[in-house]
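# A look at the structure
Here are the chains, one letter per residue:
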Amino acid sequence: MKLNILAFAAHPDDTELSCAGTLATHVRKGYKVGVVDLTAGELGTRGTDEIRAKEAAESAKVLGLSVRDNLNLADGFFQNDKDSQLELIKVLRKYQPDIVLINAPSDRHPDHGRAAQLELDSCFLAGLVKVETELDGEKQTPWRPKSVYHYIQSNNMIPDFVVDVTDSWDTKMQAIKCFKTQFYDPESKEPETFISSLDFMKMIEGRAKDLGYSIGVSYGEGFIKVKNLGVSDLHNLL
């Protein structure tokens, strides 16, 4: 299956928090969209990797994703090395996305910045003819996405552009709430973490409102470019 947009994530729920509104918006427009999580999030304080896999599957249904895969790299310990790159290259060549969304270039969680560089390097290497990969016994064709963008995570960063996600905001919040073990639940007996507080959820909404306000809409999600952006018609800009 060819995807129009593929989002990589170091952990299940990275995309929900950072770019789910953008993913849902493009699904509604008829694009094929997928998410590939690098790890199962097995080092997370709350829940288990089995529960998070179920939560990720529920979120995928809410968002209308065509694909949700997990590479099962080691949470907290994966590296930007040849073996990991080849796993991502196989995915890129399998789904041949035109646009790839990747983790923030740096962040509070060290996995995020490390994942971003792994994802970015793999996008380049996937286009090299002499990097050979096979999937199900078939030799894969080289593929390099046309565009790669970082989404923004915990650390506040100035975006290069903002996507209007107003019409998909409720869908995004439903997707986040699929991860019941991870986020705010006043009845939960799990230990409190950085992302489980009510203040964290207020920050997610507040940031989206602030970004939306900056472009004249109710809610927005920000992205950071990898290379210069270009337009052919100034009327295409909000």
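Residues numbered from 1 in each chain as written. Predicted model: local features only at pLDDT ≥ 70, side-chain atom pairs only at ≥ 80, totals over all residues. Heavy atoms only, no water.

An unreviewed UniProt entry lists the protein chain under the name Bacillithiol biosynthesis deacetylase BshB1, with Fulvivirga lutea as the source organism.

### Details of the nonpolar core
Looking at soluble globular proteins, one finds that nonpolar side chains tend to be buried together. The biggest cluster of nonpolar side chains holds 32 residues, and the ones touching the most others in it are Leu23, Leu101, Trp169, Ile176, Phe183, Phe200 and Phe223. Within the residue set of this core, elements represented by two or more residues are β1 (5-9), α1 (14-28), β2 (33-39), α2 (49-63), β7 (147-151), α5 (169-177) and α6 (198-214). For this core, the leading source of residues is α1, giving five residues. Beyond its immediate stretch of four places on either side in the chain, Trp169 contacts Ile204, Glu205, Ala208 and Tyr219. With 23 residues, the next largest nonpolar core counts Val67, Tyr95, Val100 and Ala126 among its residues. (Core = buried A, V, L, I, M, F, W, Y, C linked by side-chain atoms within 4.5 Å. Buried < 20%, exposed > 50% of the residue type's maximum accessible area, 1.4 Å probe, protein only. Helix = DSSP H or I, 4+ residues; strand = E, 2+ residues; numbered from the N terminus. Contact = heavy atoms within 4.5 Å.)

### Remarks on the pattern of salt bridges
Throughout the structure, instances matching the rule amount to ten salt bridges. As a salt-bridge pair, Arg52 and Asp13 come within 2.9 Å of each other at their nearest N and O atoms. Of this pair, Arg52 sits in helix α2 while Asp13 sits in the loop between β1 and α1, and the two are 39 residues apart along the sequence. A relative accessible area of 4% places Asp13 in the buried class. Here Glu16 ties to Arg68 by a salt bridge, and the two come within 2.6 Å at their closest N and O atoms. Of this pair, Glu16 sits in helix α1 while Arg68 sits in strand β3 (residues 67-73), and the two are 52 residues apart along the sequence. (Salt bridge = Lys/Arg side-chain N within 4 Å of Asp/Glu carboxyl O.)

### Side note on α5
Of the positions making up α5, those classed as buried are Trp169, Lys172, Met173, Ala175 and Ile176. One side of α5 carries all its buried residues, which in axial view fall inside an arc of 155°. Seen from the buried face of α5, the exposed residues on the opposite side, beyond 90 degrees, are Asp170 and Lys177. Residues of α5 that are buried in the fold lie against α1, α2, α6 and β9 (220-225). (Arc of directions from axis to C-beta.)

### Some points on the packing of α5 against α6
The packing of two helices is summarised by the inter-axis angle and the distance between the axes. The interhelical angle for the contact between α5 and α6, taken along N-to-C directions, is 160°, at an axis separation of 13 Å. The angle between α5 and α6 falls in the class roughly antiparallel. The way α5 lies across α6 gives a crossing that is right-handed. Contacts from Trp169, Lys172, Met173 and Ile176 in α5 reach Met201, Ile204, Glu205 and Ala208 in α6. When grouped by side-chain class, the residues that make up the contact of α5 with α6 number six nonpolar, no polar and two charged. (Axes fitted to C-alpha atoms, helices over the stretch in contact; angles between N-to-C directions. Parallel < 35°, antiparallel > 145°, perpendicular 65-115°, else oblique. Left-handed = near helix turned anticlockwise from the far one by under 90°. Nonpolar A, V, L, I, M, F, W, Y, C, P; charged D, E, K, R; others polar.)

### Some remarks on the side chain of Arg93
Take Arg93: it is sitting in helix α3 (residues 82-95). It is Glu132 that comes nearest to the buried, bridge-free Arg93 among opposite-charge side chains, at 8.1 Å. With residues up to four places along the chain from it excluded, the contact list for Arg93 reads Leu125, Ala126, Leu128, Val131, Glu132, Thr133, Gln140, Thr141, Pro142 and Trp143. (Lys, Arg positive; Asp, Glu negative; His and termini not counted.)

### Description of the sheet that holds strand β4 (residues 99-102)
Strand order across the open sheet formed by seven strands is β3-β2-β1-β4-β7-β9-β8, with mixed pairing between neighbours. Of all the strands in the sheet, just β3 and β8 (161-164) have a single pairing partner and so form its edges. When strand polarity is set aside, the average angle formed by the axes of neighbouring strands in this sheet is 30°. Note that β2 and β3 share five bridges and pair parallel. In the strand pairing of β3, Asp37 is matched with Asn70. Along the sheet face, α3 touches β1, β2, β3 and β4 and points at about 165° away from the line of β3. The strands that α6 touches are β8 and β9; relative to β9, the one it contacts most, it runs at about 75°. (Pairing = 2+ DSSP bridges.)

### A few points about a nonpolar patch on the surface
Taken together, the side chains of Val231, Leu234 and Leu237 define a hydrophobic patch exposed on the protein surface, amounting to about 320 Å² of accessible area. Within the secondary structure, Leu237 is located in the segment after β9. (Patch = residues over 30% accessible without salt bridge, like charges linked within 9 Å, V, L, I, M, F, W, Y side chains within 5 Å. Areas by Shrake-Rupley, 256 points an atom, 1.4 Å probe, with all protein chains shown as cover.)

### Points about helix α4 (residues 110-125)
Its 16 residues place the ends of α4 23 Å apart at the C-alpha level, agreeing with the 22 Å of an ideal helix rising 1.5 Å per residue. Burial in α4 covers these residues: Asp111, His112, Gly113, Ala115, Ala116, Leu118, Glu119, Ser122 and Cys123. (Expected span 1.5 Å × (residues − 1).)

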